[in-house]
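Now for the letters of each chain:
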Amino acid sequence: MSAITVLLHTRNDALRLGRCLETVYPCDHILIVDHGSRDSTVQVAHEYGARVTAALPGAGPAHYVRSAAPGWILCLDPHESVSESLAASLYEWKLRAAGAAPGRAFSIFVREETADGWVQIPLAQTRLVPQDWHRWDGFLPQLDRSAVVLEGEILRFEFP
């Protein structure tokens, strides 16, 4: 079975981080890169068993991914949560992923909370990548149009 490490970059996200971490139960490890939080973000992360590392100036995601447990990386934002259907898909995926092609990425649709209700982002975002992934757009993997889309959604909350 393939292991998944969820990777999150945080900064003063204590109010929303618990909701996010409650939903990553299909993942085997949690790696938090903290960018100088002054609230209880780090404490919340530790309560969920996360390994927390301080962000280094100029270090990109590939630097932090190297320190993750061997396997796959699921990239989330602290404002996001894994839906139950995505959690089920991740469990199924882990059972089948042992033979996954190297370098292949997987995408997930995102639903975003707005003041007017929930909105589906039309293009699936690449979020599950192998540990040796080298194409990044900020803290998230660069869009890979050939990535296979997993069932389920990431829910992005506007409000804490």
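If you're wondering where the values come from, they're calculated on a predicted model, not measured in any experiment.

Q: Talk me through the pattern of salt bridges; I want residue IDs and the actual numbers.
A: According to the stated counting rule, one finds seven salt bridges in the structure shown. Taking the shortest distance from any N to any O, the salt bridge between Glu92 and Arg96 comes out at 4.0 Å. Here Glu92 and its partner Arg96 are both found in helix H4 (residues 84-96), four residues apart, which amounts to about one turn of the helix. The exposure class assigned to Glu92 is partly exposed, which follows from its relative accessible area of 47%. With its nearest N and O atoms 3.7 Å apart, the salt bridge here joins Glu153 to Arg111. In this pair, Glu153 sits in strand E11 (residues 148-156) while Arg111 sits in strand E6 (residues 106-114), placing the two residues 42 residues apart along the sequence.

Q: Could you give me a rundown of the environment of Asp137, with the residues and numbers involved?
A: By secondary structure assignment, the location of Asp137 is in strand E9 (residues 136-137). With relative accessibility at 57%, the residue Asp137 sits in the exposed group. Separated by 51 residues in sequence, Asp137 and Leu86 place their C-alpha atoms 23 Å apart.

Q: Give me the lowdown on the packing of aromatic side chains, citing residues and values where you can.
A: In total, this model carries five aromatic pairs according to the counting rule given. On the basis of an interplanar angle of 75° and a centroid distance of 5.4 Å, the ring pair of Trp93 and Phe106 is categorised as edge-to-face. Here Trp93 is found in helix H4, whereas its partner Phe106 is found in strand E6, with 13 residues between them in sequence. For the pair formed by Trp93 and Phe106, the shared burial category is buried.

Criteria and thresholds
- Residues numbered from 1 in each chain as written.
- Predicted model: local features only at pLDDT ≥ 70, side-chain atom pairs only at ≥ 80, totals over all residues.
- Heavy atoms only, no water.
- Salt bridge = Lys/Arg side-chain N within 4 Å of Asp/Glu carboxyl O.
- Helix = DSSP H or I, 4+ residues; strand = E, 2+ residues; numbered from the N terminus.
- Buried < 20%, exposed > 50% of the residue type's maximum accessible area, 1.4 Å probe, protein only.
- Phe/Tyr/Trp six-rings, centres within 6.5 Å; stacked < 30°, edge-to-face > 60°.

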